[in-house]
Amino acid sequence: MSSPSQMQAILINKQGDFDVIEKAAVPVPQAAPGNILVKMAYGGVNFIDTYYRKGLYNINQFPFIVGSEGSGTIASLPSDENVVNYEEYKKRNFAVGGKVAVYNLGLFAEYASVPWKNVFPVPESVPLRTAAAGLAQGITVVSFVEEAYNVQPNDIILVHTVAGGLGLLFAQLIKARGATVIGTTSTPEKAALARAHGADHVILYPKEDTVQRVLEITHGEGVHAVFDGVGKDTFDNDFKLLRRKGTLVSVGNASGAVPPFAPLKLAEKNLRLLRPTLGNYIATPEEGRRYTTKLFKLIADGTLKINVFREYPFTAEGVKQAQKDLTGGKTTGKLVIKIAE
């Protein structure tokens, strides 16, 4: 499959507010010997995109192409014989034209050159739009409920916030594993959506005291674990609503990074605190294949339903609006960029 020498990409030339996002023509990336060249179809919008844009995460080189998750079709395969003959590579059955999902930086572009281990086959039964919308959040949820806190039947788990793209997936999978799901969200409409996706109890945090309601629901004992994607605004209260020997999984920084705190804070109830990243759960090719295979099976059999809140055009304004909507707290489900047919 041939590719042109130039392509369109969404990028930034400096870190800052939404206005640093632009669309420009750049060279199509060279297909490195160990990489797969992917013709991109969809991109998934994530909070990590805003962290890079704002400067929370460092960028070593500009221009920096936005986007860390997407899907498309294979334009060319690796030429490195050591890669081609590697058993783990062979297990993915890559072929030119094949459907794939991608987890890598620099994906909001017409083409992306990606290390093969970050490229995952997509079953024919799963549309590319769904694959892009479900990949990063899906494997985050699948890996976190196994490794960050291994959710067991009859556990009681709190999810902050439960009606976003990540929260809805946490609710579905935690419920499927036999646990009780308590979620927090901001509106009755979002609460109804969360209940439809497995949440047993939903707390409207603008009107209700989250700590008080959790303790009421759990008869004063608290929850076994918290999956907290909010960060700074909810962190301190998490310690109050966890039970003895509970686990706090700090998933994200939607309200800002958690400030430093004294480790002695954990001693009151012998709590455990983790701040895992998806990259460290899929660091090896085997881990990546294992978790994405599980994810797409859960999507295909209906255990996980991927909700797309809105699809945005492949323009600077489209990506700006997507990031504004994501950080504005008004979205439910996943936001996607339509890069190509």
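Quick caveat: nothing in here was measured; it's all calculated off a predicted structure.

A. Region of the structure containing the nonpolar core. Judged by nonpolar contacts, the single largest core of 45 residues is most densely connected at Phe170, Ile174 and Phe227. The set of elements that each furnish at least two residues to this core consists of helix H4 (128-148), strand S9 (156-160), helix H5 (165-176), helix H6 (188-196), strand S11 (201-204), strand S12 (223-228), helix H9 (278-281) and helix H10 (285-300). Here this core gets 9 residues from one element, more than from any other, and that element is H4. Residues from two domains meet in this core; each of domain 1 (6-134 + 307-338) and domain 2 (152-275) gives at least three. Excluding anything up to four places from it in sequence, Ile174 contacts Val145, Val151, Ile157, Val159, Ala179, Val181 and Phe227. Residues Met40, Ile74, Val83 and Ala322 belong to the second largest nonpolar core, which totals 32 residues.

B. Region of the structure containing the packing of H4 against H5. Two elements in contact, H4 and H5, have axes whose closest approach is 9 Å; the angle formed by their N-to-C orientations is 40°. Between H4 and H5, the interaxial angle falls into the category oblique. Read as a crossing pair, H4 and H5 show a hand that is right-handed. Seen from H4, the contacting residues are Gln137, Gly138, Thr140, Val141, Val142, Phe144 and Val145; seen from H5, they are Gly165, Leu166, Leu169, Phe170, Leu173 and Ile174. Across the contact of H4 with H5, the residue classes break down as 9 nonpolar, 4 polar and no charged.

C. Up close: the packing of aromatic side chains. For the structure shown, the criterion picks out 11 aromatic pairs. Taking the centre distance of 5.5 Å and the plane angle of 85° together, the rings of Tyr52 and Tyr57 count as edge-to-face. Residue Tyr57 is classed as partly exposed on the basis of its relative accessible area of 27%. Put simply, the rings of Tyr51, Tyr52, Tyr57 and Phe64 touch in pairs and so form one group of aromatic residues. Sitting above the plane of the Phe239 ring, Lys265 keeps its charged end 4.8 Å from the centroid.

D. Highlighting the pairing of S11. When strand S10 (residues 180-185) meets S11, the two strands line up parallel, connected through 4 bridges. Following the sheet pairing, Thr184 is matched in S11 by Ile203.

E. Molecular detail of the environment of Ala171. Checked against the element boundaries, Ala171 lands in helix H5. For Ala171, a relative accessible area of 0% translates into the label buried. Remark: the alpha-carbon pair of Ala171 and Val181, spanning 10 residues in sequence, is separated by 6.3 Å. Ala171 has contacts with Val162, Val181, His197, Gly198 and Ala199, leaving out every residue within four places of it along the chain.

F. Structural detail: H4. Spanning 21 residues, H4 covers 28 Å between terminal C-alpha atoms, matching the ideal 30 Å at 1.5 Å per step. Maximal helix bending in H4 amounts to about 50°, located at Leu135. When you tally the buried positions in H4, you get 17 out of 21 residues, the bulk of the element.

G. Fine view of the pairing of strand S13 (residues 242-250). Of all 9 residues in S13, 7 are buried, a share of seventy percent or more. When S12 meets S13, the two strands line up parallel, connected through 5 bridges. Looking across to S13, one finds that Asp228 is bridged to Ser250. Judged from the 3 bridges that link them, S13 and strand S14 (residues 272-274) form a sheet pairing that is parallel. Paired with Leu248 across the bridge in S14 is Leu273.

H. Structural context of the packing of helix H7 (residues 210-217) against helix H8 (residues 232-241). In contact at an axis separation of 9 Å, H7 and H8 are set at 25° when each is read in the N-to-C sense. When the interaxial angle is binned, H7 and H8 end up roughly parallel. Crossing handedness for the pair H7 and H8: right-handed. Here Thr210, Val211, Val214 and Leu215 of H7 come into contact with H8, specifically with Asn237, Lys240 and Leu241. In terms of residue class, the contact of H7 with H8 is built from 4 nonpolar, 2 polar and 1 charged.

I. The arrangement of the domain arrangement of the protein in detail. Entries for the protein in the domain assignment read domain 1 (6-134 + 307-338) and domain 2 (152-275). Using only C-alpha atoms to locate each centre, domain 1 and domain 2 end up separated by 30 Å. Counting residues at the interface gives 11 residues for domain 1 and 12 residues for domain 2. Between domain 1 and domain 2, the buried area comes to about 740 Å², and carbon and sulfur atoms account for 52% of it. Among the residues of domain 1 in contact with domain 2, Tyr51, Asn307 and Thr332 are the three that bury the most area, contributing 47% of the side total. Applying the counting criterion to the domain 1 and domain 2 interface returns 0 salt bridges.

Rules used throughout
Residues numbered from 1 in each chain as written. Predicted model: local features only at pLDDT ≥ 70, side-chain atom pairs only at ≥ 80, totals over all residues. Heavy atoms only, no water. Core = buried A, V, L, I, M, F, W, Y, C linked by side-chain atoms within 4.5 Å. Buried < 20%, exposed > 50% of the residue type's maximum accessible area, 1.4 Å probe, protein only. Helix = DSSP H or I, 4+ residues; strand = E, 2+ residues; numbered from the N terminus. Domains from an automatic or database assignment. Contact = heavy atoms within 4.5 Å. Axes fitted to C-alpha atoms, helices over the stretch in contact; angles between N-to-C directions. Parallel < 35°, antiparallel > 145°, perpendicular 65-115°, else oblique. Left-handed = near helix turned anticlockwise from the far one by under 90°. Nonpolar A, V, L, I, M, F, W, Y, C, P; charged D, E, K, R; others polar. Phe/Tyr/Trp six-rings, centres within 6.5 Å; stacked < 30°, edge-to-face > 60°. Lys NZ or Arg CZ within 6 Å of the ring centre and 35° of its normal. Pairing = 2+ DSSP bridges. Expected span 1.5 Å × (residues − 1). Bend = angle between axes of the 7 residues up to and from the residue. Buried area = accessible area lost by both parts, 1.4 Å probe. Salt bridge = Lys/Arg side-chain N within 4 Å of Asp/Glu carboxyl O.

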